[in-house]
Amino acid sequence: MRIGIIGMGAIGGAFAGHLAHTAHDLLLSNSRGGEALAAKAAALGPRATAVGREEAAQADLVILAVPWQQVPAALAGVPDWGGRILVDATNPVVQPGFRLADLGGRTSTQVVASLAPGARVVKAGNTLLAAVLAADPRHAGGKRVLFMCGDDEASKGVVKSLLGDLGFAPVDLGTLASGALLQQFPGGPLPTLNLVKMP
């Protein structure tokens, strides 16, 4: 599978580090590009390539990991997603002060979905601190829990399988309307919880 990552900060970089050890091709993009991004791709191995945002957005599965203020620009101009999977790893944090963005009564992932017509959106990867997400998910004989939710069962199945392959223990919280509220930071009860599922 071709996996695109839009946003190569701490969260995007954590996902890239895990995915670099799989058989998937990685298309990495950020707002700056250039030599720094190319060097990151080279360090991850031969399956990782630095590309523009538009090319990363055409992958089979795309991970969105940009600051909230950059979400509209990151998704702007992408043609209809045609059922491809968009993993929303963002949090609706407005700086300064770590304030909750005005979401108009929706969850942040519902806002993301409205900006990506035709995408099958799954919320995942936003609840752990970046350093914890980047660490080995196999811990103390168990697997680190990653919460996820979405409205499409098939796409959730793909994401759940992928996260499992990376060594995590994915936990499905249901739909975007219900599960995303639990995952959302600030406001939800699950962000920063570092749980390990034992055998």
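Residues numbered from 1 in each chain as written. Predicted model: local features only at pLDDT ≥ 70, side-chain atom pairs only at ≥ 80, totals over all residues. Heavy atoms only, no water.

Enquirer: Can you walk me through the overall build of the protein in this structure?
Expert: Looking only at helices and strands, the protein has eight helices and 12 strands in total. Since a compact globule built from 199 residues should have a radius of gyration of about 16 Å, the 16 Å found for the protein is in line with a globular shape. Its C-alpha atoms put the protein at 40 × 40 × 35 Å along the principal axes. Counting over 199 residues, the protein shows a buried share of 48%. Here the contacts in the protein between residues at least 6 apart in sequence split such that 66% fall between residues at least 24 apart. In the structure as shown, the protein presents an accessible area of about 8,700 Å², 59% of it carried by carbon and sulfur atoms. Distance between charge centres in the protein, computed from 16 positive and 14 negative side chains, equals 5 Å. (Helix = DSSP H or I, 4+ residues; strand = E, 2+ residues; numbered from the N terminus. Rg over C-alpha atoms; globule rule 2.2 N^0.38 Å. Buried < 20%, exposed > 50% of the residue type's maximum accessible area, 1.4 Å probe, protein only. Contact = heavy atoms within 4.5 Å. Areas by Shrake-Rupley, 256 points an atom, 1.4 Å probe, with all protein chains shown as cover. Lys, Arg positive; Asp, Glu negative; His and termini not counted. Charge placed at Lys NZ, Arg CZ, Asp CG, Glu CD.)

Enquirer: Sorry, what's going on with the pairing of strand β5 (residues 85-88) here?
Expert: Sheet faces and side chains relate simply in a regular strand, where the side chains alternate between the two faces. Side chains Ile 85 and Val 87 project from β5 onto one buried face, and the interleaved Leu 86 and Asp 88 project onto a second face that is buried too. Here strand β4 (residues 61-64) pairs with β5 via four bridges, running parallel. Across the sheet, the residue bridging to Leu 64 is Asp 88, located in β5. Where β5 meets strand β8 (residues 120-124), four bridges bridge the pair, whose relative direction is parallel. Its bridge partner lying in β8, Val 87 is registered against Val 122. (Pairing = 2+ DSSP bridges.)

Enquirer: Whenever I open this one, the packing of aromatic side chains confuses me. Can you help?
Expert: In this description, a pair of aromatic rings is defined by centroid distance and the angle of the planes. All chains considered together, the criterion is met by one aromatic pair. Aromatic pair Phe 98 and Phe 185: ring centres 6.3 Å apart, planes at 70°, arrangement edge-to-face. Here Phe 185 lies in the loop between α8 (176-183) and β12 (196-197) and Phe 98 lies in the loop between β6 (93-94) and β7 (99-100), a separation of 87 residues in the sequence. In this structure Phe 98 comes out as exposed when scored by relative accessible area, which is 52%. Exposure remark for Phe 185: the relative accessible area of 28% places this residue in the partly exposed category. (Phe/Tyr/Trp six-rings, centres within 6.5 Å; stacked < 30°, edge-to-face > 60°.)

Enquirer: Which parts of the structure should I look at to understand the nonpolar core?
Expert: Within soluble globular proteins, side chains that are nonpolar generally end up buried alongside one another. Core analysis: the biggest nonpolar cluster contains 31 residues, and Phe 15, Leu 19, Leu 28 and Ile 63 have the highest contact counts within it. Ranked by residues supplied to this core, first place goes to helix α1 (residues 10-19) with five residues. Among residues more than four places away in sequence, those in contact with Leu 19 are Ile 3, Ile 5, Leu 26, Ile 63, Leu 162 and Leu 166. In terms of nonpolar packing, the next biggest core, distinct from the first, is built from 27 residues, Ala 57, Trp 68, Ala 101 and Leu 103 among them. (Core = buried A, V, L, I, M, F, W, Y, C linked by side-chain atoms within 4.5 Å.)

Enquirer: Honestly, unusual backbone geometry in this entry has me stumped. Any pointers?
Expert: Excluding glycine, most residues fall at negative phi; most peptide bonds, likewise, are trans. Between Gln 95 and the following residue, Pro 96, the backbone shows a cis peptide bond with an omega angle of 0°. Positionally, Pro 96 belongs in the loop between β6 and β7. Of note, the bond from Phe 185 into Pro 186 is cis; its omega dihedral lies within 30 degrees of zero at 0°. In the Ramachandran plot, Phe 98 falls in the positive-phi region, its phi being about 50° despite a non-glycine side chain. In the Ramachandran plot, Thr 192 falls in the positive-phi region, its phi being about 75° despite a non-glycine side chain. Mapped onto the elements, Thr 192 comes out in the loop between α8 and β12. According to the relative accessible area criterion, Thr 192 is partly exposed, its value standing at 48%.

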